[in-house]
Structure formats: C-alpha cells, structure tokens
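As a plain string of letters, each chain reads:
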Amino acid sequence: MSPALEALMQADGTPYPGKGVMLEPFVHQVGGHSCVLRFGEQTICKPLIPREHQFYKSLPAEMRKFTPQYKGVVSVSFEEDEEGNLCLIAYPLHSESGDLENKDPSADCEPKSKMLKWSNKKQSPLLLDNDNYSKERTRHSRKEDKIMSYNRDEVPQQQQQAEVLYFSLEKGNVVPQIKHNPWSLKCHQQHLQRMKENAKHRNQYKFILLENLTWRYTVPCVLDLKMGTRQHGDDATEEKKANQIRKCQQSTSASIGVRLCGMQVYQSDSGQLMFMNKYHGRKLTLAGFKEALYQFFHNGRRLRHELLSPVLRRLREMQAALEACESYRFYSSSLLIIYDGDPPRTPTRPRHRGGEEGDEDDAGEASSPSVDVRMIDFAHTTCRHYGEDSVVHEGQDSGFIFGLQNLITIISQLEDHSTD
C-alpha cells in the first residue's frame, strides 16, 4: 500500500480494527447506476471498472481540474449477520493486480459479531426487502409526472418511485442532516442485492477512491447532466447500442447534446429538498430542460444569479480543454454542477481544488459563494492511448462539446434574464 493511501485511510476514513475503513452510504448521489459509498469526509468510493480506472491513472494534466481527484484502490468486503445487519469494510490493496477472489484481508481481524453496523434490517432502507423493485422500475416510463411531498421519516414504498419529489428537512438551529435521497437509495438496494447474491462465490471487490466533491457544502445542490449526442461505447452490444440511441433520440440528448440525469436542490423558503431523477429528465422537452435548469439555480425565493457567472466561466474553461483533447471520446460521461443551498452568512471556507469563487451576493446570503463543475463517470471513455480498443477516434469529442456549447447558451440566457 502506498504511503499516501495509508495516510488517507488513517486521516479521512472511519477506522475499523485490522486497518480497515467502514464504508457508509453516500447520500448525495443523484444520478448514475453505480453504487457510490462514503469512505470518509473528503473521499467516496465506487466499484472499479477497468476502463474508468485506466482513465484516472492516465489522465492528461490539463483535464485534472475538471475531474474528481483519484486517490487509489481498495479491497471491499461485506458481512451480514444473523439479524440481517450489513457492513462494508474497505481494506488496503496489497497488489493492484492481485486476485481479490482468493484474498481475505479480514481473516485476521475482529470476529463478525464485533463488526460495526449501518443499522438494523427492520429500519434500514439499505437492504433490498422489496421484490417489486423491477416491476416498479418498468412502470417508470408509463407514469405521468408526479410531484409529492412527504415527511423524511415516513416514506411509503410506492412514493419512492416518483420521478419528482420534495423532501422536508428538519428545521431548527442544527445543520440539516440529509438522509438518503430516492436515487441513492435505489442504487444501494440494487448493488447490495447483487453482492448478497454473489456472496457464495465472491466476497472481495475492488473499489476506486475518488474525491468527494460535496464535502465542503452544508446542503449540497447537485445537478447531474448526461453529456453528448451519443451514449453507447464502442464495445456496446447491438441491443445496448439500439437502446442508447433510442434514449438519445427521445430526449434532449439528440437536439442539444445534454439531458438531465438527476438533480437535488434546496429550497430555503420551505426547507425542502427537491429531487428529479433520470426518468423525468428523459421526458423533458427543450423548454422543460430550460425550466429545470432555472429550478436548479432557484432557492424558492429568488434565482441565485451570483452563481451563474462562475459556472459559465468553468464551462468555458472545460470547453477549451476538451477542444485541445485529441482522440478522447467521453461516451456516457456526466457533468456535475454543485453549489451550497444553505451557504454560511460569513465568507465561505477556502475553495477546494477545481472550485470557483463567485461574485458578491447582494442578498447577503454569502459573500463569496463557491461552485464546482466537474466531469464524472468514465466507464465508456476511449482514446488512442488505450491501445487495445478496436476503434480509434480522431480529433475532439464533438458531441460532448456540442452539449457544453448549448449548456453555456442556456445558462447565459438565465443570466441575461436575471439582470433584466
């Protein structure tokens, strides 16, 4: 294990006997289908996909400020006791090329009975108790748009399937503790179910460690945008290719090269979080997409116009970097825009790597709001440097850049409108 990773596990992770770190749910995941877990305050982890791992390890220097920082690889194992409690523990990986199926780094650690637990199965939404999940998922495409309000501690199962939700936070002097948003819950349920099903054959998984882009924010507002006019990778099956093409043609991906994949925004007037998922995003027209962007930058009282200029600056910097990026194709990658929905009344904490300081907020909410704009999800990224790919692309990723250009135009229109 590298000294840097050892220091990270000691400094950032929740310690666990035997040099392990207990993984916790990451509640700010608004899109994607990979299960993201919280390794520590500043670090998340997700299942290792070789192509994405290769991308992070061979990242061009000019792209680093636009992606999460890569922090290494860990081995993750899980245990389930007789009460149905589930733990996921990350351990240092002795060799990145090692065969994880034949290693058990937890063998010399504490017995199972002493393992830290997330929560009891009867109360925990982390375990998949509902066999109707796949049926509910199928019904998504047939549902009318729904807007629902619900108490954060009383979430009926059927309401978790809605595409737009309002999620009340407890009010008071304490910092709102955001529980699972519906999308992160869904990803956890799916992934943990797969791990349980595979437990007889395998209980060691490789996960990559990445920077937690939300850690500095009190109430992170997160927008996940699927970028580009094409989503399928060069290695996609014909069925997968046809499915992805259909999704692009039936959404704003085809017309403007970007579609909403997930959203979490805080509305300070009502103390609620609003969530939109990818099923809602796919159905949005161009006008609907513009309205969703407006909603993302609106706190219930006013448009947070002071955020628009720093976001636009970051998007233009990213466009310039991608135009100089030869041979890369970022198929199925997303763009994250993040800001604080409940900023401190005093100047913000020092900005994080890749973040951007905003202009003065004339409403007095924050003297210098920070925003962050990053690219994520590189499981289908390709470039000529990878060597083994059957297709080698020339030039720049015009589909992704097309989406960026349109996003810049739409946010610029918001900015112009807000100053009228």
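In case you missed it, the structure is sitting above this.
The sections below set out a description of the structure shown in this document. (Residues numbered from 1 in each chain as written. Predicted model: local features only at pLDDT ≥ 70, side-chain atom pairs only at ≥ 80, totals over all residues. Heavy atoms only, no water.)

1. Remarks on empty space enclosed by the protein
Sizing a probe to match a water molecule and rolling it over the atoms shows the empty space that remains.
Logical step 1: In the structure shown here, the tally under the stated rule is five cavities of 30 Å³ or more.
Logical step 2: Volume-wise, the second largest cavity comes out at about 70 Å³.
Logical step 3: Around the second largest cavity, the lining residues are Val30, Ala162, Glu163, Leu165, Asn181, Pro182, Trp183, Met263, Phe275, Met276 and Asn277.
Logical step 4: Of all elements in the fold, only helix H4 (182-197) and strand S13 (272-276) reach the threshold of two or more residues within the lining of the second largest cavity. (1 Å grid on protein atoms, 1.4 Å probe; cavity = no way out; pocket = protein on both sides within 12 Å on 5 of 7 lines; lining within 4 Å. Points joined across faces, edges and corners; volume = space filled by probe spheres on them. Helix = DSSP H or I, 4+ residues; strand = E, 2+ residues; numbered from the N terminus.)

2. Quick word on unusual backbone geometry
Logical step 1: Its identity is not glycine, yet Ser327 carries a phi of approximately 80°, on the positive side.
Logical step 2: Position of Ser327 relative to the elements: it lies in the loop between helix H9 (308-323) and strand S14 (329-331).
Logical step 3: The class for Ser327 is buried, based on a relative accessible area of 0%.
Logical step 4: Positive phi outside glycine occurs at Ser332, with the angle close to 70°.
Logical step 5: Note on placement: Ser332 falls in the loop between S14 and strand S15 (334-340).
Logical step 6: Taking relative accessible area as the criterion, Ser332 reaches 13% and is therefore assigned buried. (Buried < 20%, exposed > 50% of the residue type's maximum accessible area, 1.4 Å probe, protein only.)

3. Let's talk about the side chain of Ser251
Logical step 1: Residue position: Ser251 is located in the loop between helix H5 (238-249) and helix H6 (252-256).
Logical step 2: Residues in contact with Ser251, not counting those within four places in the same chain, are Arg259 and Arg282. (Contact = heavy atoms within 4.5 Å.)

4. As for the pattern of salt bridges
Side-chain pairing between opposite charges can occur once the charged atoms of the two side chains come close.
Logical step 1: What the rule picks out here adds up to 14 salt bridges.
Logical step 2: The partner of Glu52 in a salt bridge is Lys46, and the shortest N-O contact between them spans 3.2 Å. Both residues of the pair, Glu52 and Lys46, belong to the buried class.
Logical step 3: The closest approach of N and O atoms between Arg314 and Asp372, which form a salt bridge, is 3.9 Å. Within this pair, whereas Arg314 is found in helix H9, its partner Asp372 is found in strand S17 (residues 370-376), the two being separated by 58 residues in sequence.
Logical step 4: On the basis of relative accessibility, which here comes to 2%, the residue Arg314 falls in the buried class.
Logical step 5: For Asp372, a relative accessible area of 0% puts it in the buried group. (Salt bridge = Lys/Arg side-chain N within 4 Å of Asp/Glu carboxyl O.)

5. Brief notes about helix H1 (residues 3-11)
Logical step 1: Buried within H1 we find Leu5, Leu8 and Met9. All buried residues of H1 fall inside an arc of 95° around its axis, so they share one side. Opposite the buried face of H1, at more than 90 degrees from it, the exposed residues are Pro3, Gln10 and Ala11. (Arc of directions from axis to C-beta.)

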